[in-house]
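If you want the building blocks of each chain, they are given just below.
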Amino acid sequence: MSGDYFGFSFIRSDARNTPNVVLNNAPDISVIVIYFLVVLGVGIWAMVRTNRSTVGGFFLAGRSMVWWPIGASLFASNIGSGHFVGIAGTAAAEGIAIGGFEWNALIVVVILGWLFVPIYIKAGVVTMPEYLKKRFGGQRIRIYLSVLSLFLYVFTKISADMFSGAIFINQALGLNIYLAVIMLLMITALYTVTGGLAAVIYTDTLQTVIMVVGSFILMGFAFNEVGGYNNFQDLYMQAVPNITGNISADCYEPRPDSFHIFRNAITGDLPWPGLVFGLTIQATWYWCTDQVIVQRCLSAKNLSHVKAGCILCGYLKLLPMFLMVFPGMISRILYPNVVACVEPEECLKYCGASVGCTNIAYPKLVVDLMPNGLRGLMLSVMLASLMSSLTSIFNSASTLFTMDIYTKVRRSASERELMIAGRVFIVALIGVSIAWIPVVQSAQSGQLFDYIQSITSYLTPPIAAVFMLAIFCKRVNESGAFCGLMIGLAIGLSRMISEFAFGTGSCVSPSKCPTIICGVHYLYFSIILFVISCIIILGVSLMTKPIPDKHLYRLCWSLRNCTEERVDLEQDDWIDNQDSSMEIDEPEEEPGLCKKAVMCFCGLEQQKAVKMTPEEEEELQRKLTDTTEVPLWRNVVNANAIILLCVAVFCHGFFA
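Attention in this report is confined to the structure presented alongside it.

Thresholds applied
Residues numbered from 1 in each chain as written. Predicted model: local features only at pLDDT ≥ 70, side-chain atom pairs only at ≥ 80, totals over all residues. Heavy atoms only, no water. Salt bridge = Lys/Arg side-chain N within 4 Å of Asp/Glu carboxyl O. Helix = DSSP H or I, 4+ residues; strand = E, 2+ residues; numbered from the N terminus. Buried < 20%, exposed > 50% of the residue type's maximum accessible area, 1.4 Å probe, protein only. Core = buried A, V, L, I, M, F, W, Y, C linked by side-chain atoms within 4.5 Å. Axes fitted to C-alpha atoms, helices over the stretch in contact; angles between N-to-C directions. Parallel < 35°, antiparallel > 145°, perpendicular 65-115°, else oblique. Contact = heavy atoms within 4.5 Å. Nonpolar A, V, L, I, M, F, W, Y, C, P; charged D, E, K, R; others polar. Phe/Tyr/Trp six-rings, centres within 6.5 Å; stacked < 30°, edge-to-face > 60°. Lys NZ or Arg CZ within 6 Å of the ring centre and 35° of its normal. Polar contact = N/O pair within 3.5 Å; in protein donor to acceptor, adjacent residues only side chain to side chain.

Some remarks on the pattern of salt bridges
This structure, assessed with the given rule, holds 13 salt bridges. Two residues, aspartate 28 and arginine 375, come together in a salt bridge whose shortest N-O distance is 3.4 Å. Of this pair, aspartate 28 sits in helix H2 (residues 26-49) while arginine 375 sits in helix H19 (residues 374-409); the two residues are 347 residues apart in sequence, bridging distant segments of the chain. On the accessibility criterion, arginine 375 (12% relative accessible area) is buried. Across the pair aspartate 568 and arginine 566 runs a salt bridge, and its minimum N-O distance is 3.2 Å. What makes arginine 566 buried here is its relative accessible area of 14%. Residues joined in a network through salt bridges with shared partners are Arg255, Asp257, Arg263 and Asp269.

So, the nonpolar core
In terms of nonpolar packing, the biggest core is built from 181 residues, with Tyr120, Tyr131 and Trp287 touching the most fellow members. Take this core: its biggest share by element is 17 residues, from helix H9 (residues 140-173).

Comments concerning the packing of helix H7 (residues 105-123) against helix H13 (residues 291-298)
The interhelical angle for the contact between H7 and H13, taken along N-to-C directions, is 75°, at an axis separation of 10 Å. Comparing the axis directions of H7 and H13 gives the class roughly perpendicular. Together, Leu112, Val117, Tyr120 and Ile121 of H7 and Ile293, Val294, Cys297 and Leu298 of H13 make up the contact between the two elements. Partitioning the contact of H7 with H13 into residue classes produces eight nonpolar, no polar and no charged.

With respect to the packing of aromatic side chains
The geometry of an aromatic ring pair is captured by two quantities: the separation of the ring centres and the angle between the planes. Applying the stated criterion across every chain yields a total of 24 aromatic pairs. Centre to centre, the rings of phenylalanine 116 and tyrosine 120 are 6.3 Å apart; their planes meet at 45°, and the pair counts as tilted. One end of the pair, phenylalanine 116, and the other, tyrosine 120, are both in helix H7, four residues apart, so they sit about a helical turn from each other. The pair formed by phenylalanine 116 and tyrosine 120 is uniform in burial state, with each residue classed as buried. On the basis of an interplanar angle of 80° and a centroid distance of 5.5 Å, the ring pair of phenylalanine 232 and phenylalanine 259 is categorised as edge-to-face. Pair noted here: phenylalanine 232 is in helix H11 (residues 229-236) and phenylalanine 259 is in the loop between H11 and helix H12 (272-289), with a separation of 27 residues, a long-range link. The class for phenylalanine 259 is buried, based on a relative accessible area of 15%. Put simply, the rings of Trp103, Phe223, Tyr229, Phe232, Tyr236, Phe259, Phe322, Phe326, Phe650, Phe654 and Phe655 pair up and form one aromatic cluster. One Lys or Arg, lysine 364, reaches over the ring of tyrosine 335 and ends 5.0 Å from the middle of that ring. The ring of phenylalanine 525 has arginine 495 lying over it, and the distance from NZ or CZ to the ring centre is 5.4 Å.

With respect to the environment of tyrosine 350
Looking at the element boundaries, tyrosine 350 is found in helix H17 (residues 344-351). With a relative accessible area of 26%, tyrosine 350 lands in the partly exposed category. Discounting residues that sit within four places of it in the chain, tyrosine 350 has contacts with Gln171, Asn337, Val338, Cys357 and Ile360.

Considerations on the packing of H12 against H13
At their nearest, the axes of H12 and H13 sit 5 Å apart, and the two run at 40° to each other. Classified by the angle their axes make, H12 and H13 are oblique. Mapping the contact onto sequence places Tyr286, Trp287, Cys288 and Thr289 in H12 and Gln291, Ile293 and Val294 in H13. Partitioned by chemical class, the residues of the contact of H12 with H13 number five nonpolar, two polar and no charged.

Looking at the side chain of threonine 284
When you line up the elements, threonine 284 lands in helix H12. Beyond its immediate sequence surroundings of up to four residues, threonine 284 is in contact with Val108, Phe116, Thr289 and Met468.

Quick word on the side chain of glutamate 629
By secondary structure assignment, the location of glutamate 629 is in the loop between helix H28 (614-624) and helix H29 (631-655). Judged by its relative accessible area of 15%, glutamate 629 falls in the buried class. Side-chain polar atoms of glutamate 629 contact the side chain of serine 304, separated by 2.8 Å. Within the local environment of glutamate 629, its side chain forms a polar contact with the side chain of lysine 307, the two groups lying 2.9 Å apart.

This is the structure in structure tokens:
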């Protein structure tokens, strides 16, 4: 076997030039220290301000959030360091089409706030698998979705974000990539484990401000360097490396359609039907059914705050084209021999990966272009994007594990035990993610964002199909949903495993994967898999018994306004049993000072809650599942949604 396995070079660390340590001056270090102190201060404020000792407080921030931190947190949770590294890298290689991935979200966040979240709120759920359990009954769909979601977090989110953040630190400080990962994780896990969702959302809001301000400054420096937008277009088309050997020009010359979002349906690297339809399927899974995103919406005070948060997130999603895509392409103009390298030996020398160095486009721009102080600010931006997305994922992953898996094992667990289990699980998740980093490093020709999207295309369309049909077609039942998920998983895994077994290859050394398996673009594969899953789900459901309406009140769109009491298909796995334990009034031993401090820090302090009457509990549940809106604010958010959709259409048309 050669030195490459899955495109991962075993000799990369020996062959790489050690980067200069560039963040070794007082202004840069001061900015980074101030950044960490401010984040720590916000995190501690959020921890003290909110109740973290209950399931609702830790996982849903007590359902007390207003629209602006929700919108900022949605954006920050989505924009990780994988975006700064991955989107900029793919843009350097292929042009602006990758920005279409971001602008597609402008439409899907409206679908989230107006169609999906109202059903989730009326259903009174904490997790997405919990919704499917209420909707279909049984346990197998809920457990399958929980386990698959956790695997997706490891394969496409945590490891990719950690790797991309480590690339930046490696470029800036010359630290070993795994040492950089461990340092980042120690900081991120700390306030996720201790603070719960409230701490995550408030720190996300701060991170969003830092990300936007810092990346705007870098964009200004980058465009100043190339002399404006018109020069930028001309210079990009001429950005080719000096050392090309006998390699085909197609591998190192910019694409003729680099400045078009919509590209040829057959020969395009991102064909327009795939970008319009295939991407929308993936975006529906991510924005409308993924725990990380929906959990933020479920923490809102009311439905108007959910919708306003979605609109704010939509406007923020306009920015990546300008803050990440264009700077990534400018990096290729300024450093064509490094960013656009094609000779495997040259690429190994510059970035340690034989398949290409586009992933260092954004970090190199920061390290070489920014002056002292601002360079430290940009490192803070990268840390902000990394930490905001990781903390969101850690919190949501622990929610899935605790509420959908652990409660199956320990049905009588106390609320405190669930809090501890969720925190311990985060630590285990981190270890698995670190082990997956080598595969992430070189998949999809070294283009990180393409790797993330391809894995998503192979595994998530069946989930999107199940959720869409569960909400909008009440005839769908558990048998149909489970068959669709299993057959869809088998088809998706066959493509994914084949691609990794043969290697994703690169332009210089294409993959030997048979065309019948790997020849279909991953966005087209997403469409095919979604259609097959829908046909199976509907077909099996129509051949089996329907679910009576009494079990579906407020769980699907046609029955969303029913006021009759719903008869659950199955009882909840876990019911808060702390009331019964509090009936025995026994003197408790006073914990020591050290133990009291640790328990307070982790939000696990003993608190005797006032026992509510059945009427009070019913009234509380009614408030938590209420979706009524003040007419004025309903009209305001509806008008803004229409404006946002018009902006989305204009942006696509202008760059099409």
